[in-house]
Amino acid sequence: MKQLLCALGAAMTLTTAMAWPDKTVTLVVPFPPGGSTDMIARTLQPKLQEKFGGTFVIDNKPGATGTIGATLVTRAAPDGHTLFVSSLGPYVIAPHLTKVTYDATKDFDYITVAVQAPNVLVVPAASPHKSMADVIAYQKAHPGKMTFASSGNGSSDHLTAELYWQQTGTSGVHVPYKGGGPVMTDLLGNQVDSSFMNINTAMPQIRAGKLRALSITSAQRSPLLPDVPTLEELGIKDANVYSWQAVAAPKGIPADLKAKLQAAIKDALNDPAIKPKLVEVGFEIVANTPEEFTKFQAAEFARWKKLIESRNIKAD
């Protein structure tokens, strides 16, 4: 009887995978329209629809730092008709800052990290700091004086600043905002001293000469900023930090469907009509396998848990 039930279950899974999609596929984005994650979802949506047929729609479910959308996805049927397109927050950061109703290590099937982008330490063009050496020297001479703006407690830019302070033995004043827009406004208005901004957010103002980039958190220098050194080049260890956007599904979707989705997403991101536009604004194409993403999520989950606890970081 047990063997019969297993065989029936396998047959049903195979039938579901072969028939997919047999209804609308919803890409849940846990943030408002207009941000980086929403942009990646809207880049993928028409390509997936073209590849697989059927109807693919985007459903923005913002709130609670992305955990409302994450909860919705983990409660959906694992049949491939609900997908989660999110930045790293709900996957590896929010569970350490607030009470969530899902287990990020168990309740998702991880499909692929679509893209990643490093953070850049930027200062206003009028800032007296011309290099990272200037910043470190100033901080050591004036501990707890230099302000570092972020898009919110527990955001990638905030955690980058905390990691930087920890690794250099310096301290600064964290100034959290409600999103990246107000950060940019106050940086350009010289109301705050600096920010570890996502490169794709900072590049337009860097190119316009309104912000100065001093260092970048990538493993190698960015082709967009070839003269800007990495933090590790400057002797700051374990400082590679990326903001990333990824696709997952409720736990339990068929393995062959995960593989098909990953392959389709990889093809979409490397499309000659799409890839140059993403690279131009600072994204790096990742498109790793479900197995690679699963290992990466576990490593990132542990990394940020350790930092959040050691630095006693709290949610807003």
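Residues numbered from 1 in each chain as written. Predicted model: local features only at pLDDT ≥ 70, side-chain atom pairs only at ≥ 80, totals over all residues. Heavy atoms only, no water.

Under an unreviewed UniProt entry, the name given to the protein chain is Tripartite tricarboxylate transporter substrate binding protein, and the organism recorded is Hydrogenophaga borbori. In the Sequence similarities (unreviewed entry) part of its UniProt record, the protein chain is described as follows: "Belongs to the UPF0065 (bug) family." (UniProt positions renumbered as here; feature names shortened; annotations may be inferred.)

Caption draft 1: Expanded view of the pattern of salt bridges. For the structure on display, the rule yields ten salt bridges. R311 serves as the salt-bridge partner of E162, at 2.8 Å between the closest nitrogen and oxygen. Placement of E162 in helix α6 (residues 156-168) and of R311 in the segment after α11 (290-310) is noted, with a sequence separation of 149 residues between them. Classification of E162 as buried rests on a relative accessible area of 9%. Given the relative accessible area of 28%, R311 is considered partly exposed. (Salt bridge = Lys/Arg side-chain N within 4 Å of Asp/Glu carboxyl O. Helix = DSSP H or I, 4+ residues; strand = E, 2+ residues; numbered from the N terminus. Buried < 20%, exposed > 50% of the residue type's maximum accessible area, 1.4 Å probe, protein only.)

Caption draft 2: Broad picture of unusual backbone geometry. Cis geometry marks the peptide bond from W20 to P21, where omega comes out at -5°. With respect to the secondary-structure elements, P21 resides in the loop between α1 (2-19) and β1 (25-29).

Caption draft 3: Geometry of the packing of aromatic side chains. If you walk through the whole model with that rule in mind, you get 17 aromatic pairs. An angle of 85° between the planes, with centres 6.0 Å apart, marks the rings of W20 and F56 as edge-to-face. Taken as a pair, W20 in the loop between α1 and β1 and F56 in strand β2 (residues 56-60) lie far apart in primary sequence, 36 residues in all. Each member of the pair, W20 as well as F56, is classed as buried. (Phe/Tyr/Trp six-rings, centres within 6.5 Å; stacked < 30°, edge-to-face > 60°.)

Caption draft 4: Looking closely at the confidence of the model for the protein chain. Chain-level pLDDT for the protein chain is 93 on average; 94% of the residues reach the 70-or-more range. Of the regions scoring below 50 in pLDDT, residues 4-16 engages in two contacts with residues more than four places distant in sequence or in other chains. (pLDDT = per-residue confidence, 0-100. Contact = heavy atoms within 4.5 Å.)

Caption draft 5: Seen up close, the domain arrangement of the protein chain. Taken domain by domain, the protein chain consists of domain 1 (25-117 + 243-311) and domain 2 (118-234). Counting from both sides, the interface comprises 18 residues of domain 1 and, opposite them, 16 residues of domain 2. Overall, the association of domain 1 and domain 2 removes approximately 1,400 Å² of surface from exposure, summing both partners, and the carbon and sulfur fraction of that is 59%. Considering only the surface of domain 1 that becomes buried against domain 2, A117, L307 and R311 emerge as the three largest contributors, covering 36% of it. For the pair domain 1 and domain 2, the number of links is one salt bridge. Applying the counting rule to domain 1 against domain 2 returns four residue pairs in polar contact (both at pLDDT 80 or more). Taken together, the elements giving at least two residues each to the side of domain 1 that touches domain 2 come down to α4 (88-97), α10 (275-280) and α11. Among the elements that make up the side of domain 1 that touches domain 2, the one with the highest residue count is α11 (five residues). Along the lines of polarity and charge, the residues of the side of domain 1 that touches domain 2 split into ten nonpolar, four polar and four charged. (Domains from an automatic or database assignment. Buried area = accessible area lost by both parts, 1.4 Å probe. Polar contact = N/O pair within 3.5 Å; in protein donor to acceptor, adjacent residues only side chain to side chain. Nonpolar A, V, L, I, M, F, W, Y, C, P; charged D, E, K, R; others polar.)

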